[in-house]
Every structure is written in C-alpha cells, then in structure tokens.
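Each chain is listed here by its residues.
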Amino acid sequence: MGRTFDFTLTATDGRARTGVIDTPRGAIRTPAFMPVGTAATVKAMLPESVAATGADILLGNTYHLMLRPTAERIARLGGLHGFMNWDRPILTDSGGFQVMSLAELRKLTEEGVTFRSHIDGSRHMLTPERSMEIQRLLGSDIVMCFDECPALPADRDRIADSMELSMRWAARSKAAFGDRPGHALFGIQQGGLEEDLRKASAEALVDIGFDGYAVGGLAVGEGQEAMFACLDYAPEQLPQDKPRYLMGVGKPDDIVGAVKRGIDMMDCVLPSRSGRTGQAWTRRGQVNIKNARHADDPRPLDEACACPACRSYSRAYLHHVFRAGEMISGMLLTWHNLHYYQDLMGRMRDAISSGEFNAFEREFHAEREAGDI
Ligand SMILES: CNc1nc2cc3nc[nH]c(=O)c3cc2[nH]1
Ligand SMILES: [Zn+2]
C-alpha cells in the first residue's frame, strides 16, 4: 500500500473539473459520488455489488458506528475495511451532523456535544479529539473535521457564531489528527448562505491547512435555488488544487448543478434510501415502480441501463416484488439507482474531459422533459 494522498486535475470545462484522487487503497475518479454505508453496509447491497456499480469510495457514519458496534470493537477486528469487506477508500464523516439530527438530549458546549444514543439511551460525548480517535480506530482513508452544521433558516449572528465554533473545532481536529501519511483530513466550510462568512471560513481553514475541503452547511432545507446561489461562489473560495466535497447532495439535477459549479465529490442517501421505497431514478426522470400502471409492463425500467435490474427484469416483476414486500425489490432498485448515479458521474467526467459539459447538461435536462417514463 502506497503512502500518498494526491489530487490531480486532468481537465476543466468552465468551472467543472475532472481528475483523480490517488489514495493507498485505490484511485477515486472525480467528480465522484459516494454511496452511504451508514452502519458498515450500503443497505441491500453486497460490497462487490457496490463496486460493480462503479463506486470508487463509500461513506461511513461515525455516529452510528460509535454507538454500534463501537469503534473499539471494529478496531479490534482489524478496522472498517476488513470488517465490512470493502478494500477501496472509505470516507467517514465526523458524527456532528448525525448527533444533531438523530441523538436525544443533546448538549452543545465549546468542548463538544454530549448526547444520549437513539438506540439505547446510553450517554456519549463527541469532541473534535474523540471524533478523530473514532475515525482513526475505524481506519478510514478520508477523515472529516468535527463541526457544527446549523439548521437553516437561521439569523446571521447564529450562523456566524456557529461557523466560528466550527473553525475552532477544525483547529482542534487538525491537532488531534496528527501526521498520518496516506490518510487525509478534510476541513468543512460553514457560513450558511452568507458570502462573507463563507469567505472567512475558507480563509480560516486554509490557514489551518487540510488535504481537502468540504462545502458544509447546505442541503439542510434551503432548496436548490439557494444552494446553487451559494455554490456560485463557495467552491471557488476554497483551494483550487484540493478536492472540494459537497456534503449530503443530492438528487441527480442537484449533482449536475454542483459539478457545473466546481464540486468534485458528493454523498447522499437518496439513491439507496429511495430504492428501498420503490423510487427509481432514470435518464428520463423518476419512476415510482409501485404505481399500478407498471403491473403489466414487460419493458425494463430503463432500456438504456445495463444494470442487473434493467437487464433481467421487467417493470411488471419489479412492481410485483415491491407490492409483495419481497427483499429482492429493495436490492434490485438500490442496485439500479446506484448504477444510474455512477453512470451519471462517468458521463460527466467524460463530458468535462472532452469540453462538452454544456452539451451534456442540455441533453441531461432535455431527456427529463421527454416524459413517457
Ligand atoms: C443531507 N444533507 C446534508 N448532510 C450533511 C452532512 C454534514 N456533515 C457535516 N457538516 C455539514 O455541514 C453537513 C451538511 C450536510 N447536509
Ligand atoms: Zn438499471
């Protein structure tokens, strides 16, 4: 296993970029989409199936794994890669966002956050130092700073105070992370929808120095228009030569708009979560396979898709197994959705490389208007 973590840009088209992040566990082609493997599994998928969709990296959640089975147990068993049988790169988030959205009886102080587990009510504390320790125990390749993500809408003072706390926590995260060749630490920009606060956050993070930079604080209910308005300036406030990671995004059209605005990495539960509920994402838009109109339809979900669900099964079959509550339903639609997302990322990488991103974007939207799905 090599010891480096390097990002190489291979082409740009407008503000869109494509490149490769080299890590000791393999290369990550950017723009990259990371499937979410919350509790050491991408739900309804075998790891080899996740790899078959084209995913170079997946995301693990510190909050869930620290509660169950605990980071110490995973470390005793050799780390998250061996534990979940995924030998490619893993990015773990820092736990702060999940604590604020899932845990009970939370108390936030300068030190960190104390909370009770949503699983069994046990008491826990997360600090920048504890988050770095957990992510080290898990063995993740890309570690995220411990930060606070304020819910929007929020007034400017609240956003400013929260961003400044996150910057102090970023410095503590960096100090606790130490020097770990082959492992990366990403800072997370905050500042809500305030351009000057985002600039101040970016400058604070660059002063501390990170291997990559996330645009945090978005996809928290602000809506696509406000998110894109923020992405019209925020990515370019961050270093041009490091990966830019937009957290928690998103629907396919969110992803295309984010890549257009200079984002290199994204993660979202949407393709896997919606796959389990019967929502399929296709080039021509969304298909709810549980809708009665599919009951006798012999066509595949998407004629243009090469995934196992589209190659070997009809809409009628997918409709049936969802209506019957069969486990294969979630497996097939999750596989299709993750395959579609990775296919979308690959088509964007190719379009950027050939300087045709604008044409790609026009075609992407035109196909969705075509209807008849
Ligand atoms: C689903 N939307 C979403 N997931 C997020 C995760 C995050 N983690 C750390 N910091 C963030 O600001 C942050 C924002 C996020 N938005
Ligand atoms: Zn498919």
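These lines cover the structure that appears in this document, whether it is placed above or below. Just so we're clear, the structure is a prediction, and the values are computed from it rather than from any experiment.

Digging into the overall build of the protein chain
Stage number 1. Check the secondary structure of the protein chain and you find 15 helices and 16 strands.
Stage number 2. Taking the principal axes of its C-alpha atoms as reference, the protein chain extends roughly 60 × 45 × 45 Å.
Stage number 3. Looking at the protein chain residue by residue over its 373 residues, the buried ones come to 57%.
Stage number 4. Surface summary for the protein chain: the accessible area is close to 15,000 Å², and the carbon and sulfur share equals 50%.
Stage number 5. Between the centroid of the 43 positive side chains of the protein chain and the centroid of its 50 negative side chains there is a distance of 5 Å.

Side note on the side chain of Thr 38
Stage number 1. Within the secondary structure layout, Thr 38 lies in the loop between β4 (32-34) and α1 (47-52).
Stage number 2. Using a relative accessible area of 13% as the deciding quantity, one classes Thr 38 as buried.
Stage number 3. Within polar-contact distance, the side chain of Thr 38 engages the side chain of Asn 61 at 2.8 Å.
Stage number 4. Every residue in contact with Thr 38, bar those within four places of it in the chain, is listed here: Lys 43, Leu 59, Asn 61, His 64 and Leu 65.

What to know about the environment of Pro 24
Stage number 1. Checked against the element boundaries, Pro 24 lands in the loop between β2 (16-23) and β3 (26-30).
Stage number 2. Of the residues examined, Pro 24 reaches a relative accessible area of 18% and is grouped as buried.
Stage number 3. Sequence-wise, Pro 24 and Lys 43 are 19 residues apart; in three dimensions their C-alpha atoms are separated by 26 Å.

Some remarks on the packing of aromatic side chains
Stage number 1. Under the defined criterion, the tally for this structure stands at nine aromatic pairs.
Stage number 2. Through pairs of rings, three or more aromatic residues link up here, namely Phe 33, Tyr 340 and Tyr 341.
Stage number 3. The lysine or arginine in question, Lys 174, covers the ring of Phe 210, its NZ or CZ lying 5.9 Å from the ring centre.

A short note on the sheet that holds strand β6 (residues 90-92)
Within a beta sheet, neighbouring strands are joined by backbone hydrogen bonds and run either parallel or antiparallel to one another.
Stage number 1. Spatially, eight strands are ordered β4-β14-β13-β12-β11-β10-β6-β5 in an open sheet, and the strand pairing comes out parallel. Strands with a single pairing partner mark the edges of an open sheet, and in this sheet they are β4 and β5 (58-60). Between one strand axis and the next, the sheet turns through 25° on average, direction left out of account.
Stage number 2. Bridge count for β5 against β6 is three bridges, and the pairing is parallel.

Here we look at the coordination of the zinc ion (ligand 2)
Stage number 1. Taken together, Cys 305 (SG), Cys 307 (SG), Cys 310 (SG) and His 336 (ND1) make up the protein donors of the zinc ion (ligand 2), found 2.1 to 2.3 Å from the metal.
Stage number 2. Mapped onto the polypeptide sequence, the residues donating to the zinc ion (ligand 2) form the spacing pattern C-x1-C-x2-C-x25-H.

Quick notes on the pattern of salt bridges
Stage number 1. Applying the stated criterion across every chain, the model contains 20 salt bridges.
Stage number 2. We note a salt bridge from Arg 130 to Glu 133, for which the minimum N-O separation is 2.8 Å. Taken together, the residues Arg 130 and Glu 133, both in helix α6 (residues 128-138) and three residues apart, mark about one turn of the helix.
Stage number 3. You can call Arg 130 partly exposed: its relative accessible area is 23%.
Stage number 4. Residue classification places Glu 133 among the partly exposed residues on the basis of a relative accessible area of 34%.
Stage number 5. As a salt-bridge pair, Glu 367 and Arg 283 come within 3.8 Å of each other at their nearest N and O atoms. Of this pair, Glu 367 sits in helix α15 (residues 357-369) while Arg 283 is found in the loop between β15 (279-282) and β16 (285-288), placing the two residues 84 residues apart along the sequence.
Stage number 6. Owing to a relative accessible area of 18%, Glu 367 belongs among the buried residues under this scheme.
Stage number 7. In this structure Arg 283 comes out as partly exposed when scored by relative accessible area, which is 23%.

Quick notes on the site of ligand 1
Stage number 1. Around ligand 1 sit Phe 97, Asp 147, Cys 149, Ile 188, Gln 190, Gly 216, Gly 217, Leu 218, Ala 219, Val 220, Met 247 and Gly 248, and that is every residue in its neighbourhood.
Stage number 2. Side-chain polar atom of Asp 147 to a nitrogen atom of ligand 1: 2.7 Å apart, as the coordinates give it.
Stage number 3. Within the backbone of Leu 218, a nitrogen or oxygen atom sits 2.7 Å from a nitrogen atom of ligand 1.
Stage number 4. Surface burial for ligand 1 is 83%, taken as the share of its 360 Å² of free accessible area covered by protein chains.
Stage number 5. Assessed atom by atom at 2 Å from the grid points, ligand 1 resides in the largest pocket.
Stage number 6. A class-by-class count of the residues in the shell around ligand 1 yields seven nonpolar, four polar and one charged.

Let's talk about the layout of surface pockets
Stage number 1. Put simply, the largest pocket is a space of about 920 Å³.
Stage number 2. Lining the largest pocket are 43 residues, with Phe 97, Gln 98, Gly 248, Asp 267 and Val 269 positioned closest to its centre.
Stage number 3. Secondary-structure elements contributing two or more residues to the lining of the largest pocket are α5 (96-102), α9 (224-231) and α11 (270-276).
Stage number 4. Per element, the largest residue contribution to the lining of the largest pocket is five residues, and it comes from α5.
Stage number 5. Split by residue class, the lining of the largest pocket holds 16 nonpolar, 18 polar and nine charged.

Calculation notes
- Residues numbered from 1 in each chain as written.
- Chains lettered and ligands numbered in written order.
- Predicted model: local features only at pLDDT ≥ 70, side-chain atom pairs only at ≥ 80, totals over all residues.
- Heavy atoms only, no water.
- Helix = DSSP H or I, 4+ residues; strand = E, 2+ residues; numbered from the N terminus.
- Buried < 20%, exposed > 50% of the residue type's maximum accessible area, 1.4 Å probe, protein only.
- Areas by Shrake-Rupley, 256 points an atom, 1.4 Å probe, with all protein chains shown as cover.
- Lys, Arg positive; Asp, Glu negative; His and termini not counted.
- Charge placed at Lys NZ, Arg CZ, Asp CG, Glu CD.
- Polar contact = N/O pair within 3.5 Å; in protein donor to acceptor, adjacent residues only side chain to side chain.
- Contact = heavy atoms within 4.5 Å.
- Phe/Tyr/Trp six-rings, centres within 6.5 Å; stacked < 30°, edge-to-face > 60°.
- Lys NZ or Arg CZ within 6 Å of the ring centre and 35° of its normal.
- Pairing = 2+ DSSP bridges.
- Axes fitted to C-alpha atoms, helices over the stretch in contact; angles between N-to-C directions.
- Donors = N, O, S within 2.8 Å, 3.2 Å for Na, K, Ca; no water.
- Salt bridge = Lys/Arg side-chain N within 4 Å of Asp/Glu carboxyl O.
- Near = heavy atom within 4 Å.
- 1 Å grid on protein atoms, 1.4 Å probe; cavity = no way out; pocket = protein on both sides within 12 Å on 5 of 7 lines; lining within 4 Å.
- Sits in = over half its atoms within 2 Å of the grid points.
- Nonpolar A, V, L, I, M, F, W, Y, C, P; charged D, E, K, R; others polar.
- Points joined across faces, edges and corners; volume = space filled by probe spheres on them.

Nothing here speaks to function; it is all geometry.
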